[in-house]
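Architecture at a glance
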Amino acid sequence: MTADQARRRALEERYILDFQTLFKTRTRRDRLFATWAATKLGRQDSANYLEEVSSAGRAAPGDDDILQKVLADFRSVGQEITEEDLRSVMNEMMFDAAEELEADRISRQPHQSKS
């Protein structure tokens, strides 16, 4: 394998890893967001609500479908919240999800003893 091929392969592997990490982080963020929204909406069926939110998110790439679904749910029960407020919560939960995934990754690593 030439140096150029090795560099290209390393970039491809890094891209795949980054994509997988982003996917896992967004999935976890959506779960956190749906759980938060279910609580604020007074929904007792948070697992079902998570599936509703997840289904909305599969309709198109990006966050807009999830955001619009949750915004409509808040408005349907008479709770006033802005799209900007929801987007802010989603952004904050993205950081929370990333921190959770990092903590999970660290906890799965074998502990190294000091010799």
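See the structure shown above.
Residues numbered from 1 in each chain as written. Predicted model: local features only at pLDDT ≥ 70, side-chain atom pairs only at ≥ 80, totals over all residues. Heavy atoms only, no water.

What follows concerns the packing of aromatic side chains. Applying the stated criterion to the full structure yields two aromatic pairs. Relative to Trp36, the ring of Phe33 lies with its centre 5.8 Å away and its plane at 15°, an arrangement referred to as stacked. Highlighted residues: Phe33 and Trp36, both in helix α1 (residues 3-41), separated by three residues, approximately one helical turn. A residue is classified by how much of its surface remains accessible, and Phe33, at 0% relative accessible area, is buried. Ring plane angle 35° and centroid distance 5.9 Å describe the contact between Trp36 and Phe74, whose orientation is recorded as tilted. (Phe/Tyr/Trp six-rings, centres within 6.5 Å; stacked < 30°, edge-to-face > 60°. Helix = DSSP H or I, 4+ residues; strand = E, 2+ residues; numbered from the N terminus. Buried < 20%, exposed > 50% of the residue type's maximum accessible area, 1.4 Å probe, protein only.)

Before going further, it helps to spend a moment on the packing of α1 against helix α4 (residues 83-108). Between two packed helices, what matters for the description is the angle formed by their axes and the separation of those axes. Contact pair α1 / α4: the axes reach a minimum separation of 8 Å and the direction vectors enclose 125°. As far as their axial angle goes, α4 and α1 are oblique. Here the hand of the crossing between α1 and α4 comes out right-handed. Contacts between α1 and α4 pair Thr21, Leu22, Lys24, Thr25, Arg26, Arg28, Arg29, Arg31, Leu32, Phe33 and Trp36 from the former with Leu86, Val89, Met90, Met93, Met94, Asp96, Ala97, Ala98, Glu100, Leu101 and Asp104 from the latter. Across the contact of α1 with α4, the residue classes tally to twelve nonpolar, two polar and eight charged. (Axes fitted to C-alpha atoms, helices over the stretch in contact; angles between N-to-C directions. Parallel < 35°, antiparallel > 145°, perpendicular 65-115°, else oblique. Left-handed = near helix turned anticlockwise from the far one by under 90°. Contact = heavy atoms within 4.5 Å. Nonpolar A, V, L, I, M, F, W, Y, C, P; charged D, E, K, R; others polar.)

Tallied over the full model, the rule gives 17 salt bridges. The partner of Arg29 in a salt bridge is Asp30, and the shortest N-O contact between them spans 2.7 Å. Of the charged contacts, one joins Glu83 and Arg87 as a salt bridge, the two residues approaching to 3.3 Å between their closest N and O atoms. Separated by four residues within a single helix, Glu83 and Arg87 lie in helix α4, roughly one turn from each other. A relative accessible area of 30% places Arg87 in the partly exposed class. Because the salt bridges share partners, they merge into one network encompassing Arg43, Asp45, Glu52, Lys69 and Asp73. (Salt bridge = Lys/Arg side-chain N within 4 Å of Asp/Glu carboxyl O.)

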